[in-house]
Amino acid sequence: MDTGGVRMNIIPRPRYIDRIRPYIGTKLIKAIIGQRRVGKSYILLQLAEYLRNEHPDWFILHIDLEQLEWRHLRTGEDLVREVMSRIPYDAQIGRQVSIALLLDEVQQLKNFEIAVRGFAADDRFDVYISGSNADLLSSDIATLFAGRAIRIEVFSLTYDEFLTFHRLEDNDEALNKFLYCGGLPFLANLPYDDVVFREYLSAVLDSVVLKDVVDRYGIRSPSLLERILEFIADNIGNPTSARNIANYLRSIRIDASPQSVLDYLGYLTRSFALLRCPIENVGGKKVLEGIAKYYFQDLGLRSVVHNSTSSDISKIIENAVFIRLLADGWKVSTGRIGEREVDFIAEKGQGRCYIQATYLMPDKATKQREFGALAEIEGGWPRFVISMDPIVHDWQGIHHIRLRDFLRDGLLANR
């Protein structure tokens, strides 16, 4: 059974359905989280269609609280009454009926968490939620649902998805477009025009920063938040601390304490505008406190914050590699080996690999720098150098991968 909702022609993003699939039918609340405009609502639509096909005997109830149809719902209590009025008669009289309940932008309802916990405790319901508000982001889910939720994080389009959405051939021109425009899905509906793209991306940035950060946390100085974003955009790939940023702000006559900067960075990461990459010592696997790298969740938003120049390409490449690793489900950190740095340590399950990301390696010194740090790592874990060089050359067991191949296929396909 289903609700007879409108079926839409949606471009599939199967990696997210694959991640949700192991938890279908369990008592865990499946929370679809991520930055605004990365496509969470469409993932829920795809999930509803998947459930209809795979479980035709289930009752599917999909409620998108941004749609006018549901504007009368204001509280969790309203939601409970609405859902209970729509479920099949058999379920109302206590017979076992499987009900997949999909709630989009559920945080708009007052006391929504009480209603969601109640549905999850009812054996009839299989519950899925999504949202962009800080109440549904990051570690806040653990507080709201006390270990009863699994988080599925949605990212902006990866390069392979970008090619599909924009109907592009895989070539250097498409890659450069991706690195500049980023992967917000709605861009595929707009004419390819720098002004149009920039206006849309600026509007999304304002929504992410102003709505999800300024309004939520009552920030008194939005301009300080903007300066911090600008600093991060100009320092992609550089180890950063709150004190570094505070010193920079002081140099441009803005007074902000390291603690204030740390708070603002926390707000930006909880809204997913920024992504934090911890730094650890490779040998002892000890995480270095107080210092980390920060990357933008979407390359297009980074372009809006900081006008890209030719000197920024290495930063953009490193940002792109980091996003792809996360989108593929890797847990990622940066490694230190003495005075050397390994851009990324990627872990998944029991697997681990080490990665350097760079623009080009035109000479022996550059190759020695990029391959050398990886060569010092003990153990048999795979090691990779990713660059835009048109021709690749493996070296001493270290794999060299073209950036375009990695962004299109991921890491494991290039081993």
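In the block above lies the structure referred to throughout.
A. Quick look at the overall build of the protein. In terms of helices and strands, the protein carries 16 helices and 12 strands. Compactness check: the protein gives a C-alpha radius of gyration of 23 Å against a globular reference of 22 Å for 415 residues, within 12% of the reference. With the C-alpha coordinates of the protein rotated into their principal frame, the extents come out at 75 × 50 × 50 Å. For the protein, buried positions account for 52% of its 415 residues. Summed over all atoms, the accessible surface of the protein reaches about 19100 Å², with 48% contributed by carbon and sulfur. Side-chain charges in the protein split into 52 positive and 56 negative, and the spacing between the mean points of these groups amounts to 3 Å.

B. Quick peek at the packing of aromatic side chains. Counted according to the given criterion, the structure contains 12 aromatic pairs. With a centroid separation of 5.0 Å and 50 degrees between ring planes, the pair formed by Phe119 and Phe125 is classed as tilted. Taking the relative accessible area as the measure of exposure, Phe119 reaches 4% and is therefore buried. Judged by its relative accessible area of 4%, Phe125 is buried. Measuring from centroid to centroid gives 5.6 Å for Tyr159 and Phe178, while their planes differ by 55 degrees, and the two rings are tilted.

C. Here's a closer look at unusual backbone geometry. With a phi close to 60 degrees, Asn111 is a non-glycine residue in the positive phi region. Structurally, Asn111 is set in the loop between strand E3 (99–104) and helix H5 (112–121). You can call Asn111 partly exposed: its relative accessible area is 30%. Even without glycine at this site, Arg253 takes up a positive phi of about 65 degrees. Counting through the fold element by element, Arg253 comes out in the loop between helix H11 (242–251) and helix H12 (258–270). When its relative accessible area of 82% is taken as the criterion, Arg253 is described as exposed.

How each quantity is defined
- Residues numbered from 1 in each chain as written.
- Predicted model: local features only at pLDDT ≥ 70, side-chain atom pairs only at ≥ 80, totals over all residues.
- Heavy atoms only, no water.
- Helix = DSSP H or I, 4+ residues; strand = E, 2+ residues; numbered from the N terminus.
- Rg over C-alpha atoms; globule rule 2.2 N^0.38 Å.
- Buried < 20%, exposed > 50% of the residue type's maximum accessible area, 1.4 Å probe, protein only.
- Areas by Shrake-Rupley, 256 points an atom, 1.4 Å probe, with all protein chains shown as cover.
- Lys, Arg positive; Asp, Glu negative; His and termini not counted.
- Charge placed at Lys NZ, Arg CZ, Asp CG, Glu CD.
- Phe/Tyr/Trp six-rings, centres within 6.5 Å; stacked < 30°, edge-to-face > 60°.

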